[in-house]
Amino acid sequence: MRAFLASSIGVTCAAVLALPSAAPAGAAAPDTRTVPAAPAGSAASTDLPGSTQSLPMRPLPVVSGRAAESSGQGLTEREVRPFSLVGVVWDDVDTELHGTVQVRTRAAGTDRWSDWQDLETHNAEHAADPGSAERGSGAVRGATAPLWVGDSDGVAVRVVPDPPDPQDRTGHAVSLPGGLRLELVDPGEDPRPLPVRDEETGAGDIGKPDAGEAEGTGDVAGAQAVTDGQAMTGAQLLADIRAEAGAQVLAGMQAATATLPATETGAATEAGAGTGTEAGTGTEAGAGTGTAAGTDGRTTALEPNVLPALSRAETEAQAGTESKTAAGARPYIGPRPRIITRKGWGADEKLRERAFAYTKTVKAAFVHHSATGNNYTCSQAPSVLRGIYRYHVKSSGWRDFGYNFAVDKCGNIYEGRAGGVTKPVLGAHTLGFNSNSMGIAVLGTFTKSNPPAAAVTAVSKLTAWKLGLFGANPKGKVTLVSGGGNKYKKGKKVRLNVISGHRDGFATECPGARLYKKLGSARTSSARLQGR
């Protein structure tokens, strides 16, 4: 035991000291290169998993009888490199696209073309708050919601402006935003057998790492943790790791050997297992919450691809100082659900910004639908996430994946924006209300389709745990201050449900009428899981 502890501490510190010093991603500048059509199956010239083809739009032929109007922009049917997710972006993030965007795609290796499919154009509300560093980076673009189309190697797109307002006597045609581009995203191959539960059997492959595989792939030593505009330097992070490594590894080993199956013990205990950048979320000690981190288990001998479900007693014991419950008060924290980490779904940590951004606390959870369509299987969900991640960062210019968590149709829960699953990570999900909240995206479109019961149950489990860490009652109300949007002006105090739909904070259809109707039952179930 003593020898294993010593080696674990050594591995932990060595992993931190030996982290790569890759150049920072900076403002996560979008991929603006023009990629010409290429034969199907040709290799993408990139050194990162996955790729993005960014194709500029061209004027479409004028429709007969409408010579005075613009018929929009687009691209005719063409062969391209393989892709699975598609979206449209434009230069000015503050310009809204008033019109329709439709795509046709060809299934890879066939001559089968899909019908025209609509892309959700009103997507600006899924973004960083006005005045935030992320929104003001200069790299952020206007964008539609992305659409998952599966393996494809052909595409056509048309963007048609709305007809002129009949009340406008000038008869001016509605103009489209400048710099329209079609983004074709290849999420890349799955890195290993994926830890998702199958929709038919409910079983999943945890996907063990190769023997001797280093679990750290990120940039802790050179990173900064940003909280309310303040940065924690890499040196400070490193000092925290050195101070806490021994205690965390010992505590983690005790918890792991007491509660986990034998097959999940004995693995490497390097800092950052799971994402390679968080040192078990212990590198941001004091960031945003004033507490030491490391309580999500990723400095223990846990499988790095997944955080296993814990009992309520185990959750409360592991939460420790993470919980914001008053001293002596009964903690209302739901059992931690099983969470597939960023490493589990194959997030390339070189894409995002190296810094982590935090808000002060988590008072509310906003539920979204991803509007990416429902034509995916649960085994494809990690690929969908990698596609959205790349679209958010490389195409839209965001610092990272926008949502804090994601849930697929089978109820699998995924870690979203980097920074630690127990931490108040600042997301870009609910324009005007990203501070002091978290965003959960249910993968799919639920305007006219009912969300699967497994997905709603997963939302209940996730909120019972995460809101419980911060003392929030899922059936309660909370007052948040708007950062600015189309429903509430900046600075307005708004009374909201602790578990709200996106439409509660912004005039939008999200999370879709069918999913929104399920939030009442999600609140009740979440509170029950907390023991209320």
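The text that follows walks through the structure, step by step, so that each part is easy to find. (Residues numbered from 1 in each chain as written. Predicted model: local features only at pLDDT ≥ 70, side-chain atom pairs only at ≥ 80, totals over all residues. Heavy atoms only, no water.)

Moving on to the overall build of the protein chain. Looking only at helices and strands, the protein chain has eight helices and 20 strands in total. Within the protein chain, the proportion of its 532 residues that are buried is 55%. Contacts in the protein chain between residues at least 24 apart in sequence constitute 76% of all its contacts with a sequence separation of at least 6. When the accessible surface of the protein chain is totalled, it reaches about 20,900 Å², and 52% of it is carbon and sulfur. (Helix = DSSP H or I, 4+ residues; strand = E, 2+ residues; numbered from the N terminus. Buried < 20%, exposed > 50% of the residue type's maximum accessible area, 1.4 Å probe, protein only. Contact = heavy atoms within 4.5 Å. Areas by Shrake-Rupley, 256 points an atom, 1.4 Å probe, with all protein chains shown as cover.)

Grouped burial of nonpolar side chains is what soluble globular proteins tend to show. In terms of nonpolar packing, the biggest core is built from 38 residues, with Phe 405, Val 407, Ile 440, Val 442 and Trp 465 touching the most fellow members. Of all elements in the fold, only β14 (364-369), β15 (405-407), β17 (437-442), α6 (453-469), β18 (477-481), β19 (493-497) and α8 (519-529) reach the threshold of two or more residues within this core. Among the elements that take part in this core, α6 stands out by supplying eight residues, more than any other. Once you skip the residues sitting within four places of it in the chain, Val 442 turns out to touch Val 367, His 368, His 369, Ser 370, Val 407, Ala 455, Val 459 and Leu 515. In terms of nonpolar packing, the next biggest core, distinct from the first, is built from 24 residues, Val 185, Trp 345, Leu 351 and Ala 381 among them. (Core = buried A, V, L, I, M, F, W, Y, C linked by side-chain atoms within 4.5 Å.)

This brings us to the packing of aromatic side chains. Within this structure, the stated rule accounts for five aromatic pairs. Ring geometry for Trp 345 versus Phe 401: centroids 5.9 Å apart, planes at 50°, classification tilted. Taken together, the residues Trp 345 in helix α4 (residues 342-345) and Phe 401 in the loop between α5 (381-395) and β15 connect sequence positions 56 residues apart. Neither residue differs from the other here; Trp 345 and Phe 401 are each classed as buried. Taking the centre distance of 6.0 Å and the plane angle of 40° together, the rings of Phe 366 and Phe 433 count as tilted. With Phe 366 in strand β14 and Phe 433 in the loop between β16 (413-415) and β17, this pair connects stretches of sequence that are 67 residues apart. (Phe/Tyr/Trp six-rings, centres within 6.5 Å; stacked < 30°, edge-to-face > 60°.)

Our focus in this paragraph is the pattern of salt bridges. Under the defined criterion, the tally for this structure stands at twelve salt bridges. Here Arg 104 makes a salt bridge to Glu 77, at a shortest N to O gap of 2.4 Å. Taken together, the residues Arg 104 in strand β4 (residues 99-107) and Glu 77 in strand β3 (residues 73-90) connect sequence positions 27 residues apart. Two residues, Arg 135 and Asp 94, come together in a salt bridge whose shortest N-O distance is 3.0 Å. With a gap of 41 residues between them, Arg 135 in the loop between β5 (117-118) and β6 (142-143) and Asp 94 in the loop between β3 and β4 connect regions that are remote in the sequence. The network of salt bridges with shared partners includes Arg 342, Glu 349, Arg 352 and Asp 400. (Salt bridge = Lys/Arg side-chain N within 4 Å of Asp/Glu carboxyl O.)

In this structure the tally under the stated criterion is one disulfide. A disulfide bridge connects Cys 378 with Cys 410, and the sulfur atoms are separated by 2.0 Å. Between Cys 378 and Cys 410 the disulfide shows an S-S torsion of about 95°. By sign, it is right-handed. Of the two residues, Cys 378 sits in the loop between β14 and α5 while Cys 410 sits in the loop between β15 and β16, which places them 32 residues apart along the sequence. When its relative accessible area of 0% is taken as the criterion, Cys 378 is described as buried. (Disulfide = S-S within 2.5 Å.)

Here the residue pair Cys 510 and Pro 511 is connected by a cis peptide bond, since its omega of 10° sits within 30 degrees of zero. Located in the positive-phi region is Ala 371, a residue other than glycine, with phi close to 60°. Its place among the elements puts Ala 371 in the loop between β14 and α5. Residue class for Ala 371 comes out buried when judged on its relative accessible area of 16%. In this structure, Asn 436 is a non-glycine residue whose phi angle is positive, near 60°. When you line up the elements, Asn 436 lands in the loop between β16 and β17.

Keep in mind these values describe shape, not function.
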